[in-house]
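# Understanding the architecture of this molecule
What follows is each chain in one-letter form.
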Amino acid sequence: MAEADHKILSAEIKLGSQYYFYMETQTALAVPDEDNCIVVYSSIQAPEYAESTISRCLGIPEHNVCVITRRVGGGFGGKAMKAIPVATACALAAYNLRRPVRMYMNRKTDMKTTGGRHPMEVTYNVGFKEDGKITALHLDILINAGIGTDISPIIPLFMVGAIKKYDWGAFSFDIKVCRTNHSSKSAMRGPGEVQGTFISEAVIEHVASVLSMDVDSFNMCNKWRQRGISRVPIVHEVLLRSNPGKVSILGDGSVAVEVGGIELGQGLWTKVKQMTAFSLSAIKCDGMGDFLDKIRIIQANTLSLIQEGLTAGSTTSECSCEAVRICCNILVERLTRIKENLQEQMGSVEWGILILEVEVNLLTGQTTILQSDIIYDCGQSLNPAVDLGQIEGAFVQGIGFFMLEEYLSNSDGLVIPEGTWTYKIPTIETIPRQFNVEIMNSGHHKKRLLSSKASGEPPLLLAVLVHCATRVVIKEARKQLLRWKGLNESDSTFQLEVPATMSIVKKLQCLL
């Protein structure tokens, strides 16, 4: 900090929460079975964790508990830990009553109890030189974890990884995870990384504003509608997990596949099915036809396939495909020897970047995304169509966090929104009018599983650009107002909150 020509001291940033808003709320069905056993059907991202918790709660061995997950109707992290209490309560009632019990949360109850993304309060000191080079940054961050621990202790790790995408010179931080009277917060698509990305961009924008250096701007030519353009880089650290898989070839040539990954709508089963067909096609037998039709993916079952782990972090599809590929290679090796023996006997047996343009109505504060151009590096995509949907969906969900969704709590820590009447999620009007996404295949890489890259969470980080571009528009609008009043235009420093709703944008333009 001593080397800096300029300093910004005790600047503050506040980041709110975000609700998961999956299509299917928390639900479970428990059915008592013989031999003091119980079968639980749960919409959960981590069946193994539910099995362990139910076992301890009922006081029975884990082999007496079977948790089955066919698919999850949307998760985004909200079905990782938050689904465990629902499944456990359902199992406890069924076990004691000796009859099936089903539990299903309505949207109002789900919103009040499930938590969501971690709210944060950030205070930062930054030193920088006249040419804009940052020499030092110190962050004091308070993370609102709510009443329970959940995954909150690891949020700082993900945050720091995202913040360190820039060279801050002397970088230091003090992050505290705080217990409050709010509902317990949990993993939410890109946990910690979304907030870390925004913090780093907010600091950069603040420094640029003090030095009167426009990071990006668009030629303004209309008094009441102005445009801003901005671009940001993202860094997403991929954590690989071990993942089990089992491939069985049946007597009629059909194939049954089990993997530890859970289908959440991210296309995991589609990719696993394709990998199975591709790997087994090396056998080159006649009559295989459309091999995809002969492959079935079996629902997750904690007693059939153990150590399934957690479906999260955008890499479970790749890990599941790798497990299946290894299984298939073993089968191909065995079947090839059989094929050769038959031939002897019978003669023959046939990385991401985004550029974005927004328009803001200065009278209403409404932000419209005119065009977004995303170029996303998927490595060697396992399924471009599936990855394209993941990129688009994550980006739009990020727009909700930065621009729309106010997940507020009252003084008693109770969640205020009860549904879409008071909690605004992205709609068709939110989506960029021209939404261009290009998947770039960067080729083979020996250190990546199947040379593929994650597509579930990293694109959400790109949505910070919508907030940045809106800030550019507000800045130009404030300058325009100062020009009209004949005042100095240099003082244009302000803090744009998250989410940047219509009312906030309108107020900051000083046109009220």
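The rules behind the values
- Residues numbered from 1 in each chain as written.
- Predicted model: local features only at pLDDT ≥ 70, side-chain atom pairs only at ≥ 80, totals over all residues.
- Heavy atoms only, no water.
- Salt bridge = Lys/Arg side-chain N within 4 Å of Asp/Glu carboxyl O.
- Buried < 20%, exposed > 50% of the residue type's maximum accessible area, 1.4 Å probe, protein only.
- Pairing = 2+ DSSP bridges.
- Helix = DSSP H or I, 4+ residues; strand = E, 2+ residues; numbered from the N terminus.
- Axes fitted to C-alpha atoms, helices over the stretch in contact; angles between N-to-C directions.
- Contact = heavy atoms within 4.5 Å.
- Parallel < 35°, antiparallel > 145°, perpendicular 65-115°, else oblique.
- Left-handed = near helix turned anticlockwise from the far one by under 90°.
- Polar contact = N/O pair within 3.5 Å; in protein donor to acceptor, adjacent residues only side chain to side chain.
- Expected span 1.5 Å × (residues − 1).
- Patch = residues over 30% accessible without salt bridge, like charges linked within 9 Å, V, L, I, M, F, W, Y side chains within 5 Å.
- Areas by Shrake-Rupley, 256 points an atom, 1.4 Å probe, with all protein chains shown as cover.
- 1 Å grid on protein atoms, 1.4 Å probe; cavity = no way out; pocket = protein on both sides within 12 Å on 5 of 7 lines; lining within 4 Å.
- Points joined across faces, edges and corners; volume = space filled by probe spheres on them.
- Nonpolar A, V, L, I, M, F, W, Y, C, P; charged D, E, K, R; others polar.
- Phe/Tyr/Trp six-rings, centres within 6.5 Å; stacked < 30°, edge-to-face > 60°.
- Lys NZ or Arg CZ within 6 Å of the ring centre and 35° of its normal.
- Right-handed = clockwise from strand over helix to strand, strands pointing away.

## A few points about the pattern of salt bridges
- Counting across every chain of the model gives 10 salt bridges.
- We note a salt bridge from Lys 108 to Glu 418, for which the minimum N-O separation is 3.7 Å.
- A relative accessible area of 39% means that Glu 418 is categorised as partly exposed.
- Residue Lys 176 pairs with Asp 174 through a salt bridge whose shortest N-O separation is 2.7 Å.
- Accessibility expressed as a relative area gives 43% for Lys 176, which makes it partly exposed.

## Side note on the sheet that holds strand S7 (residues 134-146)
- The mixed open sheet is built from 4 strands, whose spatial order is S1-S6-S7-S8. Among the strands making up the open sheet, the edge pair consists of strand S1 (6-15) and strand S8 (170-179). Each strand axis lies, on average, 10 degrees off the axis of its neighbour in the sheet, ignoring direction.
- In the sheet, S7 pairs with S8 via 10 bridges, with the strands oriented parallel. Residue Leu 139 lies in a different strand from S8, and its bridge partner there is Phe 173.
- Together, S1, strand S6 (120-128) and S7 form the strand contacts of helix H5 (residues 193-210), whose direction differs from that of S1 by roughly 140 degrees.

## Re the packing of helix H1 (residues 47-58) against helix H2 (residues 83-97)
- Across the interface, H1 lies against H2 with an axial gap of 9 Å and an inter-helix angle of 40 degrees. One element, H1, and the other, H2, form an angle in the oblique class. Here H1 and H2 pass one another in a crossing that is right-handed. Of the residues in H2, those touching H1 at Tyr 49, Ala 50, Thr 53, Ile 54, Cys 57 and Leu 58 are Ile 84, Ala 87, Thr 88, Ala 91, Leu 92 and Tyr 95.

## Concerning the sheet that holds strand S10 (residues 245-249)
- Pairing is mixed in the open sheet, where 3 strands are placed in the order S10-S11-S12. With partners counted over all chains shown, the strands left at the sheet margins are S10 and strand S12 (295-297), one partner each. Averaged over all adjacent pairs, the angle separating strand axes in this sheet is 20 degrees, with direction ignored.
- Of the strand pairs in this sheet, S10 and strand S11 (residues 255-259) are connected by 5 bridges, and their pairing is antiparallel. By the bridge assignment, Ile 249 is partnered in S11 with Val 255.

## Let's talk about the environment of Asp 167
- Turning to its location among the elements, Asp 167 is positioned in the loop between helix H4 (155-163) and S8.
- With a relative accessible area of 61%, Asp 167 lands in the exposed category.
- A polar contact is formed between the side chain of Asp 167 and the backbone nitrogen of Gly 169, at a distance of 3.1 Å.

## Focus on unusual backbone geometry
- Here the amide bond leading from Val 498 into Pro 499 is cis, since omega sits at 5 degrees, within 30 degrees of zero.
- Located in the positive-phi region is Ser 10, a residue other than glycine, with phi close to 55 degrees.
- If you trace the backbone, Ser 10 turns up in strand S1.
- By relative accessible area, which is 52% here, Ser 10 ends up exposed.
- The phi dihedral of Ser 314 is positive, around 70 degrees, even though this residue is not glycine.
- Take Ser 314: it is sitting in the loop between strand S13 (300-301) and helix H7 (316-346).

## Quick notes on helix H8 (residues 384-404)
- When the terminal C-alpha atoms of H8 are compared, their 29 Å separation across 21 residues agrees well with the 30 Å that a helix rising 1.5 Å per residue should span.
- For H8, the N-terminal cap is Asn 383; the gap from its side-chain oxygen to the backbone nitrogen of Ala 385 is 3.1 Å.

## Re a nonpolar patch on the surface
- Among the surface-exposed residues, Ile 353, Ile 375 and Met 440 lie close enough to one another that they form a single nonpolar patch of about 220 Å² accessible area.
- Relative to the elements of secondary structure, Ile 353 occurs in strand S14 (residues 353-361).
- Take Ile 353: its relative accessible area is 39%, and that puts it in the partly exposed class.

## Some points on the layout of surface pockets
- Here the second largest pocket defines a volume of roughly 590 Å³.
- As for the second largest pocket, its lining consists of 27 residues, and the residues nearest its centre are Met 403, Leu 404, Lys 424, Thr 430 and Met 502.
- Those elements giving two or more residues to the lining of the second largest pocket turn out to be strand S15 (367-379) and H8.
- Grouping the amino acids of the lining of the second largest pocket by side-chain chemistry returns 14 nonpolar, 9 polar and 4 charged.

## Description of the packing of aromatic side chains
- Evaluated as defined, the whole model comprises 13 aromatic pairs.
- Considering the side-chain rings of Phe 21 and Tyr 423, the 6.0 Å spacing of their centres and the 5 degrees angle between planes classify their relative orientation as stacked.
- Take Phe 21: its relative accessible area is 18%, and that puts it in the buried class.
- Relative to Phe 435, the ring of Phe 395 has its centre 5.7 Å away and its plane inclined at 50 degrees; by these criteria the two rings are tilted. Of the two residues, Phe 395 sits in helix H8 while Phe 435 sits in strand S16 (residues 434-441), which places them 40 residues apart along the sequence.
- Connected via pairs of aromatic rings, a cluster forms that spans Tyr 19, Tyr 20, Phe 21, Tyr 22, Tyr 407 and Tyr 423.
- Looking at Arg 98, its charged tip hangs above the ring of Tyr 95, at a distance of 5.7 Å from the centre.

## Focus on the pairing of S16
- By the bridge criterion, 8 bridges tie S15 to S16 in an arrangement that is parallel. The residue bridging Gly 379 from the neighbouring strand is Asn 441, located in S16.
- Regarding topology, H8 serves as the crossover connection from S15 to the parallel S16, and that connection is right-handed.

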